[in-house]
Amino acid sequence: MRIFFRTALFLSFIIFCSSELYSTHIRAGEIIAKRISSTSLTYEFTIIGYTDTGSEVEFGGGKFDFGDGNIIDVLDESALSAQKILLENQVALNLFKVIHTFQAPGRYVVSYFEQNRNAQIVNMENSVDTPFFIETEILIDPFFGLNNTPVLLIPPIDNGIVGIRYIHNPGAFDPDGDSLSYELVIPLQDELNEVTNYRYPNSQEFYINGFNEGREGGLGPPIFTLDSITGDLIWDAPGAEGEYNFAFRVLEWRKVGDQWFKLGHVTRDMQVIIDASDNERPLLEVLDPICVEAGTLVRDTVSGQDPNFDDVKIEAFGGSFEFISSPSTYFPNPAIYQKSPGQLFFEWQTNCSHVRERPYEIQFKITDSPPYGPKLVEFKNWQIQIVAPAPEGLEVIPQPDRSAQISWDTYSCDNAEKIQVWRRIGSFEYEPDDCEVGIPEGSGYSLVDEVDGNEILLTDNNQGKGLAPGSKYCYRILAEFPLPEGGTSYVSEEKCIIIEASGPVITNVSINETDIENGQVNINWIPPFEIDTTLFPKPFRYRVNRLEGFNSDNNLFKSTILLDTFFIDNNLNTLENIYNYQIEVFSNNDTLSFEESHQASTVRAELSGNQSSIEIFWDFDVPWSNSSLRYPIHYIYRNNVNGSNPADFV
């Protein structure tokens with residue numbers, strides 16, 4: 001079959017067959033985009049139409065706009081009269097595919113327009129003369145690479161009942177692992193105009209018999225909401241029989257660094273038919289979220305029942321079923337109606353290819369089968385977080401020039417992008433829970449460096465400055481996975497070393513007085529304790545160097561030669577300036593220093609005022625730990641609480 005249209009594009013159809021052809025009108029629809037070439041800007045667009053088999057209007061005969069000036073005009077409507085797969089509730093699935101190559105990167109809104117909607121829609125005006133219009137936005141940008149829109153895995157095929165909560169979830173899955181959010185929108189009749197006189201389904205006019213008791217069980221006014229995180233669309237509860245339309249968008253987001261970028265959206269425009277019935281909603285078990293290490297076999301059973309003892313069918317949807325490598329499965333599949341209570345058996349052999357930052361969402365759906373009248377459904381969401389295993393075999397070996405060699409075994413997940421090496425001064429006992437990944441917040445570790453995921457070695461020389469003598473350095477490593485899926489592994493076990501102290505070790509730098517002219521800093525240190533006193537005989541003598549900032553080498557001051565191991569530095573601007581100190585050591589009767597300490601700075605607190613709060617943060621660069629399990633608390637004092645005595649601190 002060949003169709004001629006304005007631009008030379010290839011139009012291919014997926015035809016779904018059944019034993020006979022039904023007359024239809026569009027009940028719901030969306031457009032899905034898939035990038036099919038890595039060398040050209042070529043996309044495959046799937047136009048999906050869910051139609052009511054009770055209508056005599058055929059699906060097709062509209063036009064498809066690529067958003068770049070190219071439009072497919074369907075000249076022969078009979079060419080688009082696709083055969084269908086019949087779903088439940090008198091719904092048929094119709095779809096066809098269009099392949100198109102864009103000439104340049106950009107943001108494009110592709111759309112499908114078709115006359116007409118059906119004549120019985122109660123929450124818009126003159127629906128019989130109102131077109132059906134859906135759109136999808138895509139962003140083509142080399143910065144983000146190849147990208148596909150979300151796929152909506154759950155068909156919108158369910159009816160509703162007056163007075164009973166209606167729920168729908170599209171089962172959206174992003175094949176690239178991007179984050180998704182959801183928002184309600186008003187259905188459109190073309191690219192510029194909403195449908196005429198649209199009212200949301202919970203508008204008061206549809207509740208003649210009591211708006212304030214319109215919710216299921218009479219528990220308050222009716223609500224019509226869409227959860228922006230889970231995608232649960234809830235109408236609690238319909239007030240009158242009829243056909244209602246509504247629409248929502250599934251928005252696609254990608255995080256790069258600390259910034260979120262919107263990549264596009266898919267719009268689903270859909271209809272629900274509300275009838276009167278005494279049927280009751282089936283009930284479905286809730287499964288708690290879980291976190292498991294990649295390689296774990298996940299098994300569980302979902303149970304559901306019907307209060308009217310009708311047969312029930314339980315189905316499962318979600319991205320975990322879409323994998324080529326070790327997808328999840330459920331039984332019975334295909335789902336069948338079974339005596340209430342019914343069960344669904346879920347199984348998933350996870351592996352490293354399933355690792356990603358966000359949990360997988362499994363939507364379970366239960367449908368009852370009453371002897372007459374509409375069927376009712378319930379949805380429940382189950383989150384499964386797949387976490388990469390911790391790297392193993394960590395070893396730390398001291399090296400010359402106050403450096404350390406860090407090594408580990410080849411990482412078990414070959415799809416890891418980076419291995420990160422983290423370090424702190426002093427040990428930190430930590431055993432992560434199942435859902436705790438990466439370095440724990442507030443643990444005092446700082447990132448040393450990262451290497452490619454297949455490397456097993458790194459040397460730490462503190463960016464060329466050497467590690468601080470006398471300090472205990474403790475290391476942990478973890479794996480990071482590439483975007484857009486991302487993902488962070490469990491952290492490794494800790495390994496520590498102590499750097500030989502051949503020079504003095506600063507133990508304390510404290511601001512005694514904060515003032516613009518008369519500030520005072522107290523510095524304490526201990527003598528070298530790993531040194532050959534035959535070559536460098538005691539008593540040792542010292543000189544204090546005051547330097548600028550946290551760790552610069554800009555020397556501002558040198559003290560006289562000292563015999564003590566403490567020094568009070570006076571007449572400073574500690575209100576505005578940051579200082580760091582270094583101690584030189586001299587042997588007896590020697591005028592040349594033979595060793596020096598590691599630098600240690602003052603602590604600097606900064607304030608940031610918000611509308612009704614003050615954010616306090618502080619920084620330092622010292623060769624000891626200011627965060628330890630033995631002393632886990634920082635005390636924060638505030639003065640001038642009531643203004644009467646500004647010298648008082650609380």
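Structure first, text after, so check above.
Residues numbered from 1 in each chain as written. Predicted model: local features only at pLDDT ≥ 70, side-chain atom pairs only at ≥ 80, totals over all residues. Heavy atoms only, no water.

This part takes up the side chain of Thr-574. Summarising the element assignment, Thr-574 is placed in the loop between strand 38 (566-572) and strand 39 (579-586). With sequence-adjacent residues up to four places away left out, Thr-574 is seen in contact with Ile-511, Glu-513, Thr-514, Asp-515, Gly-519, Gln-520, Val-521, Tyr-579 and Arg-604. (Helix = DSSP H or I, 4+ residues; strand = E, 2+ residues; numbered from the N terminus. Contact = heavy atoms within 4.5 Å.)

Together, Val-603, Leu-607, Ile-614, Ile-616, Trp-618 and Ile-636 make up a nonpolar patch on the protein surface, roughly 560 Å² of accessible area in all. Relative to the assigned elements, Val-603 resides in the loop between strand 41 (600-601) and strand 42 (604-609). What makes Val-603 partly exposed here is its relative accessible area of 38%. (Patch = residues over 30% accessible without salt bridge, like charges linked within 9 Å, V, L, I, M, F, W, Y side chains within 5 Å. Areas by Shrake-Rupley, 256 points an atom, 1.4 Å probe, with all protein chains shown as cover. Salt bridge = Lys/Arg side-chain N within 4 Å of Asp/Glu carboxyl O. Buried < 20%, exposed > 50% of the residue type's maximum accessible area, 1.4 Å probe, protein only.)

Let us look at the state of the cysteines. Applying the stated criterion across every chain, the model contains 3 disulfides. Cys-352 shares a disulfide with Cys-413; S-S distance 2.0 Å. Because the torsion about its S-S bond is -60°, the bridge between Cys-352 and Cys-413 counts as left-handed. Residue Cys-352 is located in the loop between strand 24 (342-349) and strand 25 (360-369), and its partner Cys-413 is located in the loop between strand 28 (403-407) and strand 29 (418-425); the two are separated by 61 residues in the primary sequence. The disulfide that involves Cys-474 links it to Cys-496, with 2.1 Å between the sulfurs. For the disulfide bridge between Cys-474 and Cys-496, the dihedral angle about the S-S bond is near 110°, and by the sign convention the bridge is right-handed. One end of the pair, Cys-474, is in strand 32 (residues 472-480); the other, Cys-496, is in strand 33 (residues 495-498), with 22 residues separating them in the sequence. When its relative accessible area of 30% is taken as the criterion, Cys-496 is described as partly exposed. Should the bonded cysteines of the chain be numbered as they appear in the sequence, the pairing reads 1-4, 2-3, 5-6. (Disulfide = S-S within 2.5 Å.)

Looking now at the sheet that holds strand 26 (residues 377-387). Across a sheet, paired strands are connected by hydrogen bonds in the backbone, their directions being either parallel or antiparallel. Pairing in this open sheet of 4 strands is mixed, and the strands run 20-26-25-22 from one edge to the other. Each of the sheet's edge strands pairs with one partner strand only, and the pair in question is strand 20 (290-293) and strand 22 (311-318). The mean angle between the axes of side-by-side strands here comes to 25°, regardless of whether they run parallel or antiparallel. In the sheet, strand 25 pairs with strand 26 via 8 bridges, with the strands oriented antiparallel. Counted as the bridge partner of Ile-366 is Glu-378 from strand 26. (Pairing = 2+ DSSP bridges. Axes fitted to C-alpha atoms, helices over the stretch in contact; angles between N-to-C directions.)

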